[in-house]
2 protein chains.
Amino acid sequence: MIDEKGILFILSGPSGVGKGTVRKALFDQSTDLRYSISMTTRNPREGEVDGTDYFFKSREEFEKLISEGQLIEHAEYVGNYYGTPRQYVEKTLNEGKDVFLEIEVQGALKVRENFPQGVFIFLIPPSLEELKDRIVNRGTETEDKVKNRLHAAKEEIDMMDAYDYVVVNDEIDNAVTKVQSIVASEHCKRERVAHQYKKALEDE
Amino acid sequence: MIDEKGILFILSGPSGVGKGTVRKALFDQSTDLRYSISMTTRNPREGEVDGTDYFFKSREEFEKLISEGQLIEHAEYVGNYYGTPRQYVEKTLNEGKDVFLEIEVQGALKVRENFPQGVFIFLIPPSLEELKDRIVNRGTETEDKVKNRLHAAKEEIDMMDAYDYVVVNDEIDNAVTKVQSIVASEHCKRERVAHQYKKALEDE
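Since the model is a prediction, treat every value here as computed from it, not as a measurement.

### What to know about empty space enclosed by the protein
This model, assessed by the stated rule, comprises 2 cavities of 30 Å³ or more. In this structure, the largest cavity encloses a volume near 60 Å³. Broken down by secondary-structure element, the contributors of at least two residues to the lining of the largest cavity are β5 (71–77) and β6 (80–85) of chain B. Broken down by class, the residue content of the lining of the largest cavity amounts to 4 nonpolar, 3 polar and 3 charged. Within this model, the second largest cavity holds a volume of roughly 30 Å³. What lines the second largest cavity is simply K19, S38, Y54, Y82, E102, I103 and E104 of chain A. Class assignment of the residues belonging to the lining of the second largest cavity gives a composition of 3 nonpolar, 1 polar and 3 charged.

This is the structure we're talking about:
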């Protein structure tokens, strides 16, 4: 009983909420999901590896790829570009495999325009206060940048309505389990699978 | 972050598909779901306990409860009544707890009329052939009754379109895991929870 096409899952949410941490913990476990690595012009943080966490590009390189139409979506966020390479996503979905994106909110909204059948998951912090603590404690930002990020986060929370699911990142393990449940349940959605089951039974 | 009202989950599917087995395996594990015990006029099968598996009633008792409006739904199926007592379901949902029904297809369709916001899960056999084997091997039915059940099952499969999810009962553990995933993911549905998260963040 195979889905003809893979399902596109998009994990997004406010800056600082822990999208990357949840995504890494998810892929540390056994999963059939294929991760689509994003492209960015921001500087690597400590421990981040080019080609694993992101494809790190210069602004010039990034703008060339935009002009060639090689990105599904791209957005500028706090002064840096973020984008999703098109070819990997479309090829993998067509092979019947699920693709997982972890992207910023602006980018997710653009993916929704191109892939309305995607499953959009919004990761949210237990409270804005906790979000603030996490950003401050990251220690890589100036106070002005922190304020900018917090302002952006409040705006992003209003964007929740464009998503299918909301997962609170209270504990990483809880959040990962919820994302896994969403993936499993989406494969049971009647509108995705009914015609396959009906056909299998008619073939008896 | 508490849901104001519980969610009503309905597990249904063709006769003989193993609804009762999946439900029992689900409730053998840790779960926050509350099981609503159905009422029936059919004879108990070996090992079934009154008040645990079903409330077993005479036709006279059952028809009295119908006339008093004490059943959310009732249906006659292969010569027996099945029904869902109203009070337990409504009281438990209002307390913010999820309720789980395991009922026949006819009954599920009637519940959908009264609880369109419920989550309807259709359990399906890997093939109709396997369904037939299971019914024959149950050994409690005459050949005519088996034919009746198979005919009913084929009709019920066409009713899949009234459900939100389709779970194939290939292995009990797989089916239970999928039902648990559906329960978890439904609690993450944006339309159920968005207003709660927004309020929590505004209260900061």
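### Some thoughts on the packing of aromatic side chains
One pass over the full model with this rule turns up 14 aromatic pairs over all chains. The interplanar angle of 75 degrees and the centroid separation of 6.4 Å between the aromatic rings of F120 of chain A and Y163 of chain A together place this pair among those described as edge-to-face. Placement of the pair is F120 of chain A in strand β8 (residues 119–124) and Y163 of chain A in the loop between α6 (143–157) and β9 (165–168), with a sequence separation of 43 residues. A single burial state applies to F120 of chain A and to Y163 of chain A, both of which are buried. Ring centres of Y54 of chain B and F56 of chain B lie 5.7 Å apart, and the angle between their planes is 50 degrees; on these two criteria the pair is classed as tilted. A relative accessible area of 16% places F56 of chain B in the buried class. Chaining the aromatic ring pairs together yields one cluster made of F27, Y35 and F100 of chain A.

Here is what the cut-offs are and how they apply
- Throughout this document, residue positions are counted from 1 along each chain, in the order its sequence is written.
- Here the convention is simple: chains get letters from A, ligands get numbers from 1, in the order in which they are written.
- Reporting of local features is limited, given that this is a predicted model, to residues whose pLDDT is at least 70; pairs of side-chain atoms are given and counted only at 80 or more, and all residues count toward the totals for whole chains, interfaces and linings.
- Values shown for side chains rest on all heavy atoms present in the structure; no hydrogens or waters enter the calculation.
- Detection works on a 1 Å grid of protein atoms alone, calling trapped sets that fit a 1.4 Å probe cavities and calling open sets with protein on both sides within 12 Å along at least five of seven lines pockets, with lining residues defined by an atom within 4 Å of a point.
- Grid points are joined across faces, edges and corners, and a volume is the space filled by probe spheres set on the points.
- Numbering of helices and strands starts at the N terminus; helices are DSSP runs of H or I of at least 4 residues and strands are runs of E of at least 2.
- Charged means Asp, Glu, Lys or Arg here, nonpolar means Ala, Val, Leu, Ile, Met, Phe, Trp, Tyr, Cys or Pro, and polar covers whatever is left, Gly included.
- When the centres of two rings from Phe, Tyr and Trp lie within 6.5 Å, Trp using its six-membered ring, the rings pair. Their planes under 30 degrees apart give stacked, over 60 give edge-to-face, and anything left gives tilted.
- Residue exposure (1.4 Å probe, protein chains only): buried if accessible area is under 20% of the type maximum, exposed if over 50%, otherwise partly exposed.

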